[in-house]
Each structure stands twice: as structure tokens, then as C-alpha cells.
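# Tertiary structure, described
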Amino acid sequence: MSVTFTRRSNSGHHNRAELLSSRALPQQKIIVITDKIGFEPNASTVTSTWLKEQHGENAQPAELVHHLNESSKFQLMIISKLERQFDPSQLFKYISKCKKNATIEHVFVWIVEQKLQEGFLLPYIEHMADTVITFEDRTHVSLLVKKHTGSVTNKYYEFDPQKDSFTILEVKRSAPTKQNTVATEVDPPPNPAALGTFKIDLKDEEVAAKNALTLPFEFYKTLPEGGKILYHPDAEDDLDEEDPDDDLLI
């Protein structure tokens, strides 16, 4: 049974609850349901409830699509099952075909993103949809509706999962609390030594051994000549004791 309730908004006015189906179904053919909470096993029951709410108690339930050649007025596509049988291009073509078929009134496309074998299916099918219903969590749903005029609405609602029907009340998306924001800001920076599998920190004895090490280019410090450059000619070198640049008046 549908239950209507009201809630006082921050502005002091009252928002009236309404049926989700009243917002999502009228004049909309391709209705995508993005399921983030595991409603898929109840997809047939949920869509049948929506159809009865909008088309009367005698409305036929949506026919489950199996072969991509159905012609019923109401249809239900479970993508997690159809994806195992058909290529994405076949699914896209079927949805496009349904959009052009005047005898088909509603096609419900139920998608559980976690079950998708091809991640691009979700945004592509949502692009083809007239309505996108996204169950964000157990009490919130977002609704994107593309109107025939070209305008698009995207709203966020609260619903009561204990009700027999999805009665929704528009709410604002909750922002992160100030307390959580401050906690994030004061968190200590991570230890660089913990970010990789190699060792960064040195023990005391390792530091002492490093400091006592004399690198090859530092050997001149221990020689009597200091930093003087020593040159030992080869047998084929052409050495000239005279200054080759004496004519340059340098």
C-alpha cells in the first residue's frame, strides 16, 4: 500500500512525497535502473508494481527479455544475464530498435555495475535511456529524466524501503560534515618508508659505514699532489714543449 508522508524542509515549507513511478515512467520508453544495492532478484516485482501504479491493477507484468526479439508492450532486460549470451553491439541495437517500435511502451533495463563484464555498457546504455533510476543506497535514489523538449532533470530522493511501493521525497545530497573535513586536514603525512617495498631508513651502524666510505673521485685528498692533474702520455702522443698558442697574444 502506498503511504504519503511529508517532511519539513530547511526553508520552512513542506515537500510532498510522491510515487517514483509517477516521475520515472510517464511518456518514457527506455528506463534504465542502475542497481547499487542488490535489488536485481526483485526486478520483476519492482517493475510490475510500477506498472500497476501507472497503468492500473490489470497491467501485465513486464516480459523478461531472452532472445532480443520480443514484442510485448512492457519488457524487462536483465543485463547481467543477457551479457552472457549477446555481444554489447547486439544489446545496443535491440534497445535502439525498441525505441523506434511504437507498440512497445516501456523497456526496463536493469543493470548491476558490479556484475558487468564490459564496463562501458553502463554509460552507453544510460546515454540511450529516457530515464535513469539509480538506487544509491538503501534509502536514497537519484532520478535523471530526459524530456522530449530536450531539457534534463536530475534530482535526489529519499525513500522508505519498508513500504510496498517506492514513495519518494526530494532531498538534498548530504555534504561531508565539517568534523570529517577537519579530521582529514589534520591527519599526519604518511611515512615515505611505508610507501614502497624498498628500504629508506638506515640504522646507526649503516650511517657510520656510509660516512667512512671514500668515493673514487675523493681519492685526491689522500695524495701528496692534492688536486693536481697528472697526465701520462702514450707512445703515439705528439708532445710539443713550445706553446702552441704563442701567436695568439694571450
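Preceding block: the structure.
These remarks concern the structure in this document. (Residues numbered from 1 in each chain as written. Predicted model: local features only at pLDDT ≥ 70, side-chain atom pairs only at ≥ 80, totals over all residues. Heavy atoms only, no water.)

A word on the pattern of salt bridges. Considering all chains together, one arrives at seven salt bridges under this definition. When the shortest N-O distance is used, the salt bridge between Glu 40 and Lys 115 registers 2.6 Å. In this pair, Glu 40 sits in the loop between β4 (30-35) and α2 (43-55) while Lys 115 sits in the loop between β7 (106-111) and α5 (121-128), placing the two residues 75 residues apart along the sequence. In this structure Lys 115 comes out as partly exposed when scored by relative accessible area, which is 44%. The residue Glu 170 makes a salt bridge to Lys 155 at a minimum N-O spacing of 4.0 Å. (Salt bridge = Lys/Arg side-chain N within 4 Å of Asp/Glu carboxyl O. Helix = DSSP H or I, 4+ residues; strand = E, 2+ residues; numbered from the N terminus. Buried < 20%, exposed > 50% of the residue type's maximum accessible area, 1.4 Å probe, protein only.)

Attention now goes to the environment of Val 112. By the element assignment, Val 112 lies in the loop between β7 and α5. Note on Val 112: relative accessible area 9%, which makes it buried. Spatially, the C-alpha atoms of Val 112 and Gly 38 are 7.5 Å apart, while their sequence positions differ by 74 residues.

Evaluation of the coordinates by the stated rule reveals 10 aromatic pairs. Here the aromatic rings of Phe 135 and Phe 159 are separated by 5.9 Å at their centres, their planes lie at 70°, and the arrangement is edge-to-face. Of this pair, Phe 135 sits in strand β8 (residues 131-137) while Phe 159 sits in strand β10 (residues 152-159), and the two are 24 residues apart along the sequence. Note on accessibility: Phe 135 and Phe 159 belong to one class, buried. An aromatic cluster is built from Phe 39, Trp 50, Phe 108, Trp 110, Phe 135, Phe 159 and Phe 166, whose rings are joined through pairwise contacts. (Phe/Tyr/Trp six-rings, centres within 6.5 Å; stacked < 30°, edge-to-face > 60°.)

Ranked by internal contacts, the top residues of the largest apolar core, which has 28 residues, are Ile 33, Trp 50, Phe 108, Trp 110, Ile 133, Phe 135 and Phe 166. Going through the elements one at a time, α1 (20-24), β4, α2, β6 (74-78), β7, β8, β9 (140-146) and β10 are the ones with two or more residues in this core. Looking at which element gives the most residues to this core, the answer is α2, with four residues. Beyond its immediate sequence surroundings of up to four residues, Ile 33 is in contact with Trp 50, Phe 108, Val 109, Trp 110, Ile 111, Ile 133 and Phe 135. Formed by 24 residues, the second largest nonpolar core is a distinct cluster that contains Ile 30, Leu 68, Ile 111 and Leu 116. (Core = buried A, V, L, I, M, F, W, Y, C linked by side-chain atoms within 4.5 Å. Contact = heavy atoms within 4.5 Å.)

Bringing the sheet that holds strand β3 (residues 18-19) into the picture now. Pairing is mixed in the open sheet, where nine strands are placed in the order β3-β11-β10-β9-β8-β4-β7-β6-β5. A single partner strand is all that each edge strand has here, and the edge strands are β3 and β5 (63-64). Here β9 runs beside β10; their pairing, made up of seven bridges, is antiparallel. Across the sheet, Leu 144 pairs through a bridge with Asn 154, a residue of β10. (Pairing = 2+ DSSP bridges.)

The next subject is the pairing of β6. Among the five residues that make up β6, five are buried, leaving the element largely enclosed by the rest of the structure. Because side chains alternate across β6, one face comprises the buried residues Phe 74, Leu 76 and Ile 78, and the other comprises Gln 75 and Met 77, equally buried. Where β5 lies against β6, two bridges are found, and the strand directions are parallel. For Glu 63, the partnering residue across the bridge sits in β6 and is Gln 75. The pairing of β6 with β7 spans five bridges and is parallel. Bridging from a neighbouring strand, Phe 74 pairs with His 106 of β7.

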